[in-house]
Amino acid sequence: MTQPMIHSDSDADGVCLRISGEMLTQSLDTVEQAFHAVQPQGGNITFDLSKVEALDTGGAWLIADLARRSRKLGAEIRFEGLSPAQSALLGTVAENIPDEPGTEVQPRSFVDWVAAVGERTAGAWKDTLSMLGFLGLTLHRLARTIVMPWRLRQAALVSQMEEVGLKAIPIVALMGFLIGVVLAFQGATQLKQFGAEIFVVELISISVLRELGILLTAIIVAGRSGSAFTASIGSMKVQEEIDAMRTLGLDPIEVLVIPRVVALLIMLPILGFVADMAALIGGGLMSWIDLDISPGMFVTRLKEGTGIWHFAIGMIKAPFFAVVIGVIACWQAMQVKGSAQSVGQRTTASVVQSIFMVIALDALFSIFFATLEI
């Protein structure tokens, strides 16, 4: 590798800076100080790059920065010996160098911190109002679809049901099975101390059917399908496909949001049922292995100690979880601002908000059913 070098020659026409060697980022430490030490002056400055063997973005930045500093002092800049590729690279780098150097951010004071908290609070309130408006719009379109079912796009609905439900069955079933195994194992460990191993059946059935089955299923769906909703619709927003829909007289809520929400409304209870059954199978298997509770005894205890309301409460929650996940995912997608980075940020926010709201809603349901003594 030929080390880069810079030489300066002065004559009646001005200053000629002769640059040679390989102007590559990994070797620029040998000439970086020399470039910054050059004091630009008025007049003509010629950059002779005929002996530059290689040039990358780092080297182009050094040259373009020196040229920029010289122009600020009124110097006329000329380049000699540039190849077309080097000329294009220098032009691109020169266009993207900021006119003013960045300033160091000063330490934030307490007043700045309070102002930032206020701005975030106001922004959160605006987002809440916007999301509630989007929820109302979605419910309106959903009610209109129920009244006029021929408006529902059946092909899109079936496709979303496959993506949301059918393809999620393996992971949901595996999750449910493992939750049943863990509950049985941990419950057996504690109940053995009191000689009450048989009650592990009630522990598994009530906790799974009433809470864990549908809750964990909703969390998986929020992370799997909710993120997919936000990413797909957000990408359409970036590519201005949603604006094109409106131009063609199509309602994006009816075309994009309703099929996804309806698919969740149909498939989330089914996935919750799959998770419940898998968890009971896993818990029964672990009880048989660890506690010698036979499958027949497990089923008998399940029938005697677990009422139908425990299962019904879990299924009652499913449609509410489905609407929350679908609305939040689609609302976040509609907030995307024309860049791929915005799609990623909104997808992350969609998953976090959906999981938080599902857990908060489950807590409200628990308080509600406890108040009713159900």
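Residues numbered from 1 in each chain as written. Predicted model: local features only at pLDDT ≥ 70, side-chain atom pairs only at ≥ 80, totals over all residues. Heavy atoms only, no water.

1. Quick notes on helix α3 (residues 84-96)
Point 1. If you check α3, its first and last C-alpha atoms are 19 Å apart, about what 13 residues at 1.5 Å a residue would give, namely 18 Å.
Point 2. For α3, every residue scored as buried is listed here: Gln86, Leu90 and Val93. Seen from one end, α3 has its buried residues packed into an arc of 70°, which puts them on one side. Exposed and oriented more than 90 degrees from the buried face of α3 are Pro84, Ala85, Glu95 and Asn96.
Point 3. Close packing links the buried residues of α3 with β3 (44-55), α2 (57-72) and β4 (76-80). (Helix = DSSP H or I, 4+ residues; strand = E, 2+ residues; numbered from the N terminus. Expected span 1.5 Å × (residues − 1). Buried < 20%, exposed > 50% of the residue type's maximum accessible area, 1.4 Å probe, protein only. Arc of directions from axis to C-beta. Contact = heavy atoms within 4.5 Å.)

2. Regarding the environment of leucine 90
Point 1. Within the secondary structure, leucine 90 is located in helix α3.
Point 2. On the basis of relative accessibility, which here comes to 7%, the residue leucine 90 falls in the buried class.
Point 3. Taking the C-alpha atoms as reference points, leucine 90 and leucine 191, separated by 101 residues in sequence, lie 74 Å from one another.
Point 4. Apart from residues lying up to four places away in sequence, leucine 90 is in contact with Leu49, Leu55, Ala60, Ile63, Ala64, Phe79 and Leu82.

3. Re the pattern of salt bridges
Point 1. In the structure shown here, the tally under the stated rule is ten salt bridges.
Point 2. Here arginine 301 and glutamate 202 are joined by a salt bridge, their closest N and O atoms 2.7 Å apart. Within this pair, whereas arginine 301 is found in helix α10 (residues 295-305), its partner glutamate 202 is found in helix α7 (residues 200-238), the two being separated by 99 residues in sequence.
Point 3. For lysine 317, the salt bridge goes to aspartate 362, with nearest N and O atoms at 2.8 Å. In this pair, lysine 317 is assigned in helix α11 (residues 308-334) and aspartate 362 in helix α12 (residues 340-371), connecting sequence segments 45 residues apart. (Salt bridge = Lys/Arg side-chain N within 4 Å of Asp/Glu carboxyl O.)

4. Quick look at a nonpolar patch on the surface
Point 1. Side chains of Ile308, Trp309, Ile316, Phe320, Phe368, Leu372 and Ile374 sit close together on the surface and give an oily, nonpolar patch of about 700 Å² of accessible area.
Point 2. By secondary structure assignment, the location of leucine 372 is in the segment after α12. (Patch = residues over 30% accessible without salt bridge, like charges linked within 9 Å, V, L, I, M, F, W, Y side chains within 5 Å. Areas by Shrake-Rupley, 256 points an atom, 1.4 Å probe, with all protein chains shown as cover.)

5. Some thoughts on the domain arrangement of the protein chain
Point 1. You can read the domains of the protein chain as domain 1 (5-96) and domain 2 (137-372).
Point 2. Here domain 1 and domain 2 have C-alpha centroids that lie 61 Å from each other. (Domains from an automatic or database assignment.)

6. Examining the packing of aromatic side chains
Centre distance and the angle of the planes are the two values used to describe a pair of aromatic rings.
Point 1. Taken as a whole and assessed by the stated rule, the structure comprises five aromatic pairs.
Point 2. Considering the side-chain rings of phenylalanine 365 and phenylalanine 369, the 5.9 Å spacing of their centres and the 15° angle between planes classify their relative orientation as stacked. Within this pair, phenylalanine 365 and its partner phenylalanine 369 are both found in helix α12, separated by four residues, close to a single helical turn. The pair formed by phenylalanine 365 and phenylalanine 369 is uniform in burial state, with each residue classed as buried.
Point 3. Here a set of aromatic residues connected by ring pairs shows up, and it is made of Phe320, Phe365, Phe368 and Phe369.
Point 4. The ring centre of phenylalanine 199 lies 5.4 Å from the NZ or CZ of arginine 301, which sits over that ring. (Phe/Tyr/Trp six-rings, centres within 6.5 Å; stacked < 30°, edge-to-face > 60°. Lys NZ or Arg CZ within 6 Å of the ring centre and 35° of its normal.)

7. Some details on the nonpolar core
Among soluble globular proteins, nonpolar side chains are generally buried collectively.
Point 1. Core analysis: the largest hydrophobic core is formed by 22 residues, its most contacted members being Ile19, Met23, Phe47, Leu49, Leu55, Ile63 and Leu90.
Point 2. Contributions of two or more residues to this core are made by β2 (14-23), β3, α2 and α3.
Point 3. No other element matches the six residues that α2 contributes to this core.
Point 4. Residues Val172, Leu215, Ala275 and Val358 belong to the second largest nonpolar core, which totals 21 residues. (Core = buried A, V, L, I, M, F, W, Y, C linked by side-chain atoms within 4.5 Å.)

8. Thoughts on the packing of α7 against α10
Point 1. The interhelical angle for the contact between α7 and α10, taken along N-to-C directions, is 60°, at an axis separation of 9 Å. Put simply, α7 runs oblique to α10. In terms of crossing hand, the pair formed by α7 and α10 is right-handed. Facing Val201, Glu202, Ile204, Ser205 and Ile206 of α7, the residues of α10 in contact are Phe298, Arg301, Leu302 and Gly305.
Point 2. For the contact of α7 with α10, the residue count by class is five nonpolar, two polar and two charged. (Axes fitted to C-alpha atoms, helices over the stretch in contact; angles between N-to-C directions. Parallel < 35°, antiparallel > 145°, perpendicular 65-115°, else oblique. Left-handed = near helix turned anticlockwise from the far one by under 90°. Nonpolar A, V, L, I, M, F, W, Y, C, P; charged D, E, K, R; others polar.)

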